[in-house]
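Listed below, chain by chain, are the residues.
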Amino acid sequence: MRGYLLRRLPSAVLVLLVASFLIFTILRLVPGDPATTLAGPDADAATVAAIRDRLGLDAPLLTQYVHWIGSLVTGDLGPSYAIGGQTADLIRDGLGATLELTLAALLFVILLGAAFGVLGATSRSRWIRSAVRVTTTASLAVPPFISGVLFVLLFAVVLGVLPPGGRVAFLTAPDLAVQYLLMPALCLALPSAAVLGRYLKDGIENALAEEYIRTATAAGVAPRRLLWRHAVPNALPPVVTLLGMQTGHLLGGAVLVEAIFAWPGLGRLAEQGLVSRDYPVVQDLLLLLVAVFVLVQLVTDLVYAWLDPRIRWE
Amino acid sequence: MTELYPSMPTGPSRRSTLRAAGGGTLLLGLGLAGCRSAVSEASSDPSGAGAEPKRGGTLTVAVNADFTPGLLYSQSQQSSQHRLIFNTLTRYDDQLRPKPELAISWTYADDGRALTLRLRDDVTFHNGRKFTADDVVFAVKNLQKPVRAAQLRSTAAAVTGFEKRGDHELVLKLAHPVNNLFDLFEFMIITDPESAEDAVTGRKLIGTGPFVLKKWSPGSGLSLRRNENYWQPGRPYLDGVELRVIPQADALISSLRSGQSQLSFNVPGKNLGAIKSDERLSVTDYDTGAGAVYLGVNTTVTPLDDKTVRHALAWAVDRERLLAQTLGGHGLASAAPWPTSSPAFTEAHRTHYSHDPGKARELLRSAGHTKLAFPLLHLALPGETAIAESLQYDLEQVGVHVTLQPTDPATAQKKLISQGMPALWTLGHGFAQVQPSTLAVSAYPFNEAKNTSRYRSDEYTDVVREAWTEPESTAAAANALHERISRILLDEAFIIDLVVRGQVQVSAAGLHGVTLNKFSYLNLDDAYLV
């Protein structure tokens, strides 16, 4: 395994290097620069030049690139140009908020998906099955930016029971944090929960139709035991794979939901950084995303290699 | 063929479902009964009601952009915190008369080349240090640095000498007389010199203002608490202020309607109709004229170098429709840049151009054109795109085909400063709300020496310099200069003003005593919640 890991590492580092170069170059090709943004609409040339000089934007591009990579290697990401504060702090805070939202949504996906799946597959009531079908179809069809607005209107404006937006960090005040989290997390989770529920429902139905269930039933095994000990576990493996894929969707979708619910996560940070051409923030953020994907790919490959030794020797 | 086994497990039974639901409700009830409500926590009004000023309560202000420390010394998209944490030397009243703040009184030298300021001696910074004349010297010198990007740098740069007469009297010596020194005082926040570098990175914001910075969370906003040692006795009434960043308009409106925030200046004009019908909220217009919508013309592009063609564009635009349809009626349709509170405002200038497509076509014909085509740059934001589309429609009616160029704000800014705009563009400008001369020396689109339109004329330069450096002019003399500036702007039409916009405040019915200064710095000295 160690040998396999060592063989995979150089390609991962190469991917990161190429990505960093592309991110750096493409960002410089976008018109507009931080100096003019910071200078404001009424600035004169001297002001723009002074700011450009302060930010080090006068240096050759290659020097700027090497300086950036050097700062990454030393772990000092430096200050943000426009937003203010240290880039590392900004990313850390945003990452915390986005992860919190994604994890809460994942919890909803699992709970709702399980409820949709089990009720849809096993309920004897036609009404319940229809209700589950309609709910999952609606959850899939209505995008988060619509359901978000509807939720806010109902729960925050009309009923006034939940805050319409903002965030209290979970570790600061868990009781308040949960209330701020409920709507954005639910909104983010609904489409994925519907997908998961449908897979689970099909899985359970197929499992229940298997011959061994018939035999077990004939042998007098209780229906509840049949469902939870045999049918559900057999339906789970493909659902777990799907859950992994949906987690990626959740991370991506969080950007949109963050805007609706004024959630200060990475999506908001990226937007803010791009609008003001805050190079350090955007560069580091994009490279972080690439690094996450590279890491996930690496871990997946390692798990596969662990499961299937043949891969290690290919 | 497979089919579901007839005696398949039935899932949760009715009894177990009811049991689970009951248990769940109990748990939820117990849990929520024991914890605070985020909704009531956020709307922390002081108890009781009444019209008298009341102490206490935290005011939440919804803002659509975060505080940008790098722009602390310039006017930016979000300057609400400036007058909360800091003070200014003076503040204008509604008639542009300076009133005391950290400066108690002032005297001009006869030749207009010096101003003596007497300063308050009972003011301390949030870190406990006494405020003295040295802090004013620092503030002026600080704004003279190009790196601070202060829009009033040219006025600050006119101060070339300082003479301290004790700790609380200071003479500012001027290279030449300037008549917009009090614009600088309205604009220039007094910051603690020792923490100035930490201030531009957002680490420390230390002023003498009514509120002290508790925390700035980038992306979330600023949290402020009352300054217990504020120099104004008994003020502020509020315990604290939260400036909460809510960039999305729908979310911002929901926040106001649900009582989560009690004040905002960022509700888009088209949404104000819905707000007005909500009796828990009130809408107030400020005639600060802090922003204006205009159509910019690149005077080096043929045939826009011909004044007649520019006049045709100015007659072609339906300002009233633009105001009603895209700005919700909040503003003043005007061909000149001045708000009604400006000494340069006249009704004749405001209506100098009105909607007359026939006249526009006639002017184009007289200049030898029946069909023209130009690109029009605009910001790729919903409200700005609507303005551009409205202009496109009006110009199309007189035979001027316009191709829209949606552009992101950073790129538009670069083109504005580098004179890289296409034939036409539409953006907003400020600086008409204070002394008229400030517009031409501080707002880039109007700058006499270098502007985006690439317009230059000796007459314009002369009149702008004269208006700026005329210190002791009588009202009649000043009016004559303003009249000449307005006449040139209207006649040359290199910037075609469309609508003068003030600030529109949406606030909870129980909030009183909120004011803004001419640069939209929020003043909550006398604000209270009932």
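Residues numbered from 1 in each chain as written. Chains lettered and ligands numbered in written order. Predicted model: local features only at pLDDT ≥ 70, side-chain atom pairs only at ≥ 80, totals over all residues. Heavy atoms only, no water.

J.: Sorry, what's going on with the packing of aromatic side chains here?
T.: Two descriptors summarise a pair of aromatic rings, namely the distance from one centre to the other and the angle between the planes of the rings. All told, the structure shown has 21 aromatic pairs over all chains when counted by the stated rule. On the basis of an interplanar angle of 50 degrees and a centroid distance of 5.3 Å, the ring pair of Y230(B) and W231(B) is categorised as tilted. Each member of the pair, Y230(B) as well as W231(B), is classed as buried. Taken together, a centroid distance of 5.9 Å and an interplanar angle of 90 degrees make the contact between Y237(B) and Y528(B) edge-to-face. Separated by 291 residues along the polypeptide, Y237(B) in the loop between β9 (221–226) and β10 (240–245) and Y528(B) in strand β21 (residues 528–529) bring together distant segments of the chain. Classification of Y237(B) as buried rests on a relative accessible area of 13%. Three or more aromatic residues link up through ring pairs in this structure, and these residues are F21(A), F24(A), Y65(A) and W68(A). Sitting above the plane of the W127(A) ring, R126(A) keeps its charged end 5.9 Å from the centroid. (Phe/Tyr/Trp six-rings, centres within 6.5 Å; stacked < 30°, edge-to-face > 60°. Buried < 20%, exposed > 50% of the residue type's maximum accessible area, 1.4 Å probe, protein only. Helix = DSSP H or I, 4+ residues; strand = E, 2+ residues; numbered from the N terminus. Lys NZ or Arg CZ within 6 Å of the ring centre and 35° of its normal.)

J.: Help me understand the packing of helix α7 (residues 144–158) of chain A against helix α8 (residues 174–208) of chain A in this model?
T.: Residues and elements named next belong to chain A. Closest axis-to-axis distance for the α7/α8 pair is 9 Å, and the angle between their directions is 145 degrees. When you trace α7 past α8, the crossing you get is right-handed. Of the residues in α8, those touching α7 at P144, S147, G148, F151, V152, F155 and A156 are M183, L186, C187 and L190. Counted by class, the contact of α7 with α8 contains 9 nonpolar, 2 polar and no charged residues. (Axes fitted to C-alpha atoms, helices over the stretch in contact; angles between N-to-C directions. Left-handed = near helix turned anticlockwise from the far one by under 90°. Contact = heavy atoms within 4.5 Å. Nonpolar A, V, L, I, M, F, W, Y, C, P; charged D, E, K, R; others polar.)

J.: Just checking my understanding: could you explain the pairing of strand β15 (residues 400–407) of chain B for this structure?
T.: In summary, the side chains of a regular strand alternate between the two faces of the sheet. Residue and element names in this part refer to chain B. Relative to β15, strand β14 (residues 372–379) is paired through 8 bridges, and the arrangement is parallel. Residue pairing across strands places F374 opposite V402, the latter belonging to β15. Crossover handedness for the path β14 to helix α14 (residues 382–397) to β15: right-handed. (Pairing = 2+ DSSP bridges. Right-handed = clockwise from strand over helix to strand, strands pointing away.)

J.: Explain the interface of chain B and chain A here, please?
T.: Frequently, the measure chosen for interface size is the accessible area that the parts lose on association. Between chain B and chain A, the contact holds 60 residues from the first and 60 residues from the second. Summing both sides of the interface, chain B and chain A together bury roughly 4,800 Å²; the carbon and sulfur share of this comes to 61%. Here chain B and chain A share 2 salt bridges between them. In this structure, the salt-bridge partner of D33(A) is K414(B), at a minimum N-O distance of 3.2 Å. Counting across the interface, chain B meets chain A through 10 residue pairs in polar contact (both at pLDDT 80 or more). Taken together, the elements giving at least two residues each to the side of chain B that touches chain A come down to α2 (38–42), β10, α8 (249–257) and α15 (409–417) of chain B. No other element matches the 6 residues that α15(B) contributes to the side of chain B that touches chain A. Of the residues contributing to the side of chain B that touches chain A, the split by class is 28 nonpolar, 21 polar and 11 charged. (Buried area = accessible area lost by both parts, 1.4 Å probe. Salt bridge = Lys/Arg side-chain N within 4 Å of Asp/Glu carboxyl O. Polar contact = N/O pair within 3.5 Å; in protein donor to acceptor, adjacent residues only side chain to side chain.)

J.: Can you help me understand the nonpolar core in this one?
T.: Generally speaking, a soluble globular protein has its nonpolar side chains buried in company with each other. Residues L89(B), F185(B), Y460(B) and L524(B) are the most contacted members of the largest nonpolar core, which totals 104 residues. The greatest single-element share of this core, amounting to 6 residues, is contributed by helix α4 (residues 133–144) of chain B. Setting aside its immediate chain neighbours within four residues, Y460(B) contacts A440(B), F446(B), N447(B), E448(B), Y455(B), I488(B), L489(B) and F494(B). Membership of the second largest hydrophobic core comes to 46 residues, among which are V109(A), A189(A), L196(A) and I204(A). (Core = buried A, V, L, I, M, F, W, Y, C linked by side-chain atoms within 4.5 Å.)

J.: For this particular structure, what's the right way to read helix α11 (residues 319–326) of chain B?
T.: All names here are of chain B. Residues of α11 that are buried: R319, L322, L323 and T326. Seen from one end, α11 has its buried residues packed into an arc of 105 degrees, which puts them on one side. Of the residues that open α11, the one with a side-chain oxygen 3.4 Å from the backbone nitrogen of E320 is D318. Of the residues flanking the end of α11, it is G328, one or two places downstream, whose phi is positive at about 65 degrees. (Arc of directions from axis to C-beta.)

J.: Looking at this structure, how should I read the pairing of β10(B)?
T.: All names here are of chain B. Of all 6 residues that make up β10, 5 are buried, and the element is covered over most of its length. Looking at chain direction, strand β1 (residues 58–63) and β10 are connected through 6 bridges and run parallel. Across the sheet, T60 pairs through a bridge with E242, a residue of β10.

J.: Even after reading the chapter, I still don't get unusual backbone geometry, so can you show me in this structure?
T.: Working note: non-glycine residues mostly have negative phi, and peptide bonds are mostly trans. Residue and element names in this part refer to chain B. At the junction of R235 and P236, the peptide bond is cis and its omega measures out at -5 degrees in the coordinates. Here P236 lies in the loop between β9 and β10. A cis amide bond links T302 with the next residue in sequence, P303, at an omega value of 0 degrees. Mapping P303 onto the fold places it in the loop between β12 (281–297) and α10 (307–316). Of note in the backbone geometry, L96 takes a positive phi value of approximately 60 degrees without being a glycine. Considering the arrangement of structural elements, one finds L96 in the loop between β2 (90–92) and β3 (98–100). If you check the backbone angles, A149 has positive phi at about 55 degrees while not being a glycine. As for its position among the elements, A149 is in the loop between α4 and α5 (153–157).

That is the geometry; function is a separate question.
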